[in-house]
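Now for the letters of each chain:
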Amino acid sequence: MSSSLIYQRLAETFTALLIGLFLGAVLMTIYGYDSLLAYSSLFVGAFGSVFDLAETLAFAMPIMLTALTFAIGIKAGLFNIGAEGQLYLGAIGAIIVGGLFALPPGVHMAATILTAMLFGALWSIVPALLKIFRGVHEVISTIMFNWIAYYFVMYLALYQLAEPGRSEKTISVLETARFDVIMPGTSLTGAIFVSVAFTLIIFAYISITKSGFELRILGAGMDAARYAGIDIKRVTLSAFLIGGLAAGLAGGLQIIGKPPTYALYGTLGNIFGLGFDGIGVALIGRNHPLGIIFASIFYGGLQHGGRYMEYQAGVASELVRAVNGLIIISLAVPEIVSMLKRLLRR
Amino acid sequence: MRHYMRLLLSLAAVAVFMWILSLFGFNTKVIVEATLLAMTPLALAAIGESLNEKAGTVNIGLEGIFLISALTGVYVAEVTGNGVIGLLGGALVGAFIGFVFGVLSVYGRGDQIIAGMGINIFALGFVPYSLMALWGTPGIRIPPREVLVPPIDTPLISISGVTILTIFIAIAAHYILHRTKIGLWIKAAGEMPEALDVAGVRVDLIRISASTVGGMLAGLGGAFMPLAWFGGIVKEISAGRGFIALACLVSAGLEPILALGFAFVFGFAESIAFTVAVTPGFKEAVPYHLILMIPYITTLVIVAIFIGKRRFPIALATPYSRE
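Residue numbers here run from 1 along each chain, matching the order of that chain's written sequence. Both sets of labels track the order of writing: A upward for chains, 1 upward for ligands. With pLDDT at 70 or above as the cut-off, local features in this predicted model cover only qualifying residues; side-chain atom pairs require 80 or more to be listed or tallied, and sums for whole chains, interfaces and linings still use all residues.

### Looking at the overall build of chain A
As a reminder of what qualifies: Secondary structure elements are taken from DSSP: a helix is a run of H or I of four residues or more, a strand is a run of E of two residues or more, and numbering for both begins at the N terminus. Residue burial here comes from a neighbour count, namely the number of other C-beta atoms, placed from the backbone, that lie within 10 Å of the residue's own C-beta, with 20 or more meaning buried, 12 or fewer meaning exposed, and in between meaning partly exposed. Working definition of a contact: two residues with C-beta atoms, positioned from the backbone, lying within 7 Å.
When helices and strands are tallied, chain A shows 14 helices and 2 strands. Principal-axis analysis of the C-alpha atoms places the extent of chain A at approximately 70 × 60 × 30 Å. For chain A, buried positions account for 55% of its 346 residues. Excluding contacts between residues fewer than 6 apart, the proportion of contacts in chain A whose partners are at least 24 apart in sequence is 77%.

### Notes on the environment of Val149 of chain B
Residue and element names in this part refer to chain B. Residue placement: Val149 occurs in the loop between strand E1 (140–141) and strand E2 (152–153). Expressed as a C-alpha distance, the spacing of Val149 and Leu227, which sit 78 residues apart in the sequence, is 5.8 Å. In this structure Val149 touches Gly83, Val84, Leu87, Leu227 and Ala228, once residues within four positions along its chain are discounted.

### So, the interface of chain A and chain B
Operational definition: Nonpolar residues are Ala, Val, Leu, Ile, Met, Phe, Trp, Tyr, Cys and Pro. Charged residues are Asp, Glu, Lys and Arg, and all others, Gly as well, are polar.
On the chain B side, the residues contacting the 41 residues of chain A number 40 residues. It is helix H6 (residues 138–160) of chain A that provides the largest number of residues to the side of chain A that touches chain B, a total of 12 residues. The residue makeup of the side of chain A that touches chain B, split by class, is 30 nonpolar, 7 polar and 4 charged.

### Comments concerning the packing of H6 of chain A against helix H14 (residues 294–306) of chain B
Selection rule: Fitted lines through C-alpha atoms serve as axes, helices being fitted only where they are in contact, and the angles separating the N-to-C directions of these axes extend from 0 to 180 degrees. Roughly parallel refers to an angle under 35 degrees, roughly antiparallel to one over 145, roughly perpendicular to one between 65 and 115, and oblique to any angle outside these ranges. For any helix crossing, the convention is left-handed if the near helix is rotated counterclockwise from the far helix by under a right angle, and right-handed if that rotation is clockwise.
Viewed as axis vectors pointing N to C, H6 of chain A and H14 of chain B meet at an angle of 155°, and their least axial separation amounts to 9 Å. Classified by the interaxial angle, the pair formed by H6 of chain A and H14 of chain B is roughly antiparallel. Between H6 of chain A and H14 of chain B the crossing geometry is left-handed. Two secondary-structure elements touch here, H6 of chain A through Ile140, Ser141, Met144, Trp147 and Ile148 of chain A and H14 of chain B through Tyr296, Ile297, Thr299, Leu300 and Val303 of chain B. By residue class, the composition of the contact of H6 of chain A with H14 of chain B is 8 nonpolar, 2 polar and no charged.

### Describing the confidence of the model for chain B
Residue and element names in this part refer to chain B. To be explicit about the condition: Looking at any residue, its pLDDT shows the predictor's confidence there, from 0 to 100.
Summing up the model confidence of chain B, the mean pLDDT is 91 and the portion of residues at 70 or higher is 98%. The least confident element of chain B is helix H12 (residues 282–285), whose mean pLDDT is 74; the most confident is helix H3 (residues 62–80), at 97. The ipTM, which scores confidence in the relative placement of chains, is 0.92 for this predicted complex, and the corresponding pTM is 0.93.

### Topic: the environment of Pro105 of chain A
Residue and element names in this part refer to chain A. Position of Pro105 relative to the elements: it lies in the loop between helix H4 (83–100) and helix H5 (107–134). With 10 C-beta atoms packed within 10 Å, Pro105 lands in the exposed category. Each C-alpha atom of the pair Pro105 and Glu175 lies 8.5 Å from the other, and the pair is 70 residues apart in sequence.

Structure representation (structure tokens):
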């Protein structure tokens, strides 16, 4: 990418962020909230102290990975929005191996992480095959799989893996499968290193390996891929599977790398929505692994700061997700700025 | 014609299924009524989106429109004390979203798939946020019974007025698309926008109008859910139905009447989840959560069978501009 293009992309992204935040303020004003107080408490809450910064990173940890799922799909020309369901499966995989098996330290954690990733990848296989062999669009198949996963994992959490006497959550994973807290008093654990490392591995995979190169050619268009003699079926499948690994990892880390419960709530409350949040993070990060790292910290900040906003200004923290949607719409329409200019000039 | 044959086969399968259920003592009337309720929002959104896609625009934000219109419908119904006005309010908000989406797609030349997903994610946050702001309840609102829209009791079954309207809308959409000049323009906007432009018809206005009408019908379907079906709103009220509507449309090859038929088939899958799952004897044997997976599995199976070699408008999701 030439540097002028990078500046243009950055300018577009910041414009979209501003438009999203501005419209978010409009939404607050409609209901009579003090939007300035809300945003100031949000940003101070998100980045105001070292502790808050650590907490923000803890929020960034899973959405960095679900963003990768979406970004890898886009790189290969797919609109894979299945991270949500694959994340649920990863979480349940982590509960099963981390909570039911007693293994030596180190081995246990590795086994738990690998199972979570594998479960996520397994959940992406059927949409991949439906795409490859039947031409079923991945938007429909992955959403259906998200909802199937929602009820399936909820069933397992409530009836098969519930903690005796406390049916609102599953059993917790054992000590040997847990990440330690890095900064006492926060929920930031070593899981963040796994997230970042995985993101960097994906970065290397996409930019320097042969199959990463094939992925990008497929993303450039079916015709280009056919001319290049690429096995479209195999590359499509691998794009789905790698995405599934990332989402599964996100679900697993959210369980074994997030104190205090180290368990899954029966409502799926501590994993719900993280897959969809990743779509916005990927788009803000321009579907580039390094961009995604920064975007996930920004969005993690909004989520963590959103809790202060709720406390200080009484604005429900779900507003953050609405702002995310508005940012996505603005990013989808990069000409929105020139449109506004044209309107104003009239 | 082959498409109609396939739909007839699916409907025959549904009939056989219903007959088997009746042998096990399930009340066919109850199942048909539940199917018609589940069919209505799916059909409305799918018919609206068929006009939209025929004109060359794809809106995968139907799920988000469902959610936002469900919220608006309940709010307007409570403020005015009239459920029918609530339905209209939902339709109006849907039309507004469709209009904005149309303008962004046509003049902003945006990526329609991403923008549509943006609508869905916006709704995912906006609806619980608004539930909290409007009523101070986390994720749920049950309006008073007086503002709901009750079904009409006929000698045969009780059926919602909106469902009857939906059947008329499907026929009207079919007629407009295939028998009128406007239908010709809509199809031309999706197939050969240049030719339409040369003929002196504004492609931009056709596409924005189709998107607005599509949003309006989805909005009516969204408001239908709390006001004429469930009797209240939860933050996940649409539960993927916006995407099931897309699946209806894809299975129907973008034809409105076929979309209505497939909405009935998908609605049947949902009605099983709602009626059979709560039946004593059955309820203890099969876990409720697993029954709730049926509509989504059915959707996938039907789409996988029927998608075949569907042909979509050439200019679908491609912005048109005069060079």
